[in-house]
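Reading the structure
The primary structure of each chain is shown beneath.
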Amino acid sequence: MNNVIRIGTRDSRLALWQAEFVAKTLQKIGIPTEIIPVKSQGDINLTTPLYEMGIQGIFTKTLDVALIENKIDIAVHSYKDVPTTLPKGLVIAAVPERGNYTDSLVSKKQIEVRELFESKCIIATGSVRRKAQWLHSYPHHHIEPLRGNVLTRLQKLETHGWDGAIFASAGLQRLEIKGFYSYELPFLPAPGQGALAIVAREEDEKIRAMLEPLHHSETGLCVSLEKTFLKTLEGGCSAPIACLATVENKRGYFRGEFYELKNFSKVYTTEFHFSLNDDAHQIVKNKAIQLLKKKKNYD
Ligand SMILES: NCc1[nH]cc(CCC(=O)O)c1CC(=O)O
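Residues numbered from 1 in each chain as written. Predicted model: local features only at pLDDT ≥ 70, side-chain atom pairs only at ≥ 80, totals over all residues.

**What about helix H6 (residues 128-137)?**
For clarity, the cut-off: The burial label depends on the number of other C-beta atoms within 10 Å of a residue's C-beta. Counts of 20 or more mean buried, 12 or fewer mean exposed, and intermediate counts mean partly exposed, with C-beta atoms placed from the backbone. Secondary structure elements follow DSSP: runs of H or I of four or more residues count as helices, runs of E of two or more count as strands, with numbering from the N terminus.
Counting buried positions along H6 gives seven out of ten residues, so the element sits mostly inside the fold. Buried within H6 are the following residues: Val128, Arg129, Arg130, Lys131, Ala132, Gln133 and Trp134.

**What to know about the environment of His160**
Within the fold, His160 resides in the loop between helix H7 (150-159) and strand S8 (164-168). For the pair His160 and Ala124, spaced 36 residues apart in sequence, the C-alpha separation works out to 9.8 Å.

**Quick notes on the domain arrangement of the chain**
Note: interface size is frequently given as the accessible area lost on complex formation between the parts. The test is simple: For the domains described, the bounds stem from an automatic or database domain assignment.
By domain assignment, the chain separates into domain 1 (5-96 + 195-215), domain 2 (103-184) and domain 3 (228-298). The C-alpha-based centres of domain 1 and domain 2 are spaced at 27 Å.

**Considerations on the environment of Ser107**
To be explicit about the condition: Contact definition: two residues whose C-beta atoms, as placed from backbone geometry, lie within 7 Å.
Its location among the elements puts Ser107 in strand S5 (residues 103-107). Sequence separation between Ser107 and Phe229 is 122 residues, and the spatial gap between their C-alpha atoms is 32 Å. Setting aside residues up to four positions removed in sequence, Ser107 forms contacts with Asp163, Gly164, Phe180 and Tyr181.

**Brief notes about the nonpolar core**
The nonpolar side chains of soluble globular proteins are, as a tendency, buried together. This is how the line gets drawn: Only buried Ala, Val, Leu, Ile, Met, Phe, Trp, Tyr and Cys residues enter a nonpolar core, and they are joined through C-beta atoms within 7 Å.
Ile74, Ile198 and Val199 are the most contacted members of the largest nonpolar core, which has 54 residues in total. Counting residues per element, this core draws most heavily on helix H10 (residues 217-234), at six residues. Per-domain counts for this core show at least three residues from each of domain 1 (5-96 + 195-215) and domain 3 (228-298). Residue contacts for Val199: discarding those within four places in its chain leaves Leu67, Ile74, Ala75, His77, Leu86, Leu90, Val91, Ile92 and Ala93. Grouped together as the second largest cluster of nonpolar side chains are 17 residues, Leu105, Val106, Ile143 and Ala165 included.

The following block contains the structure:
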């Protein structure tokens, strides 16, 4: 290898922004980079809802292969798109500081809270988590399926008669979306939302060392706890899952929930503090198992 880090990324505008962000950060510390965009299966098939495709890591697979075949040195992903288990030989080498982790409702017209309660609104989202959370709050609304990258989804919102669509706030901010109204929602996010994962080959010590300055350890801990929560629950149910770990004044705080698939009015929630010295992963695992037991008692 010469000294240029080859950065692989999906070719959506958001993915390219994120890869360029990592490239700039590396350049600032004197490391030259080259960006190599790659098309992913998740971007090619835009009609099937993701949760029906039944493939883990649909957005990351092509880049995993490129890494293993040594065509790129690192892959930059949205952390939430990275499956709970990476292919053998690959590791998350760095997690930069998290951006905005919230979801936002985006609309063409201004929306008043009163309207949400009084009207039968049509809201578009392709995410079963967002659908569950939205219908939990507004059971009288209708959800329309919506897939595609951020810009495609905004174009569809522009041309359809929907009242709004739900997006990750981080994506809207990174692409500096203008011309729409947007409202941050109080929902718990998808595990890892708003954070990036920089994946490298496990054996590539040199690259891993170069990435170390980009790692934000609090973000790294929080998002990996969120993935542990997801992984533990995934073993026991296929329900929509949301959670958020935060650290304030050296103290951790975790909130998690999952929804009954056939009845979104039913939600199982947990919240607890964790200390940064504890085995926080074990605590999260135990709390997730307790939550699954609660569901079994109810069934
Ligand atoms: N599902 C696709 C995806 N993966 C990451 C983001 C945005 C950035 C992030 O959440 O980290 C998005 C767009 C969205 O959910 O609206």
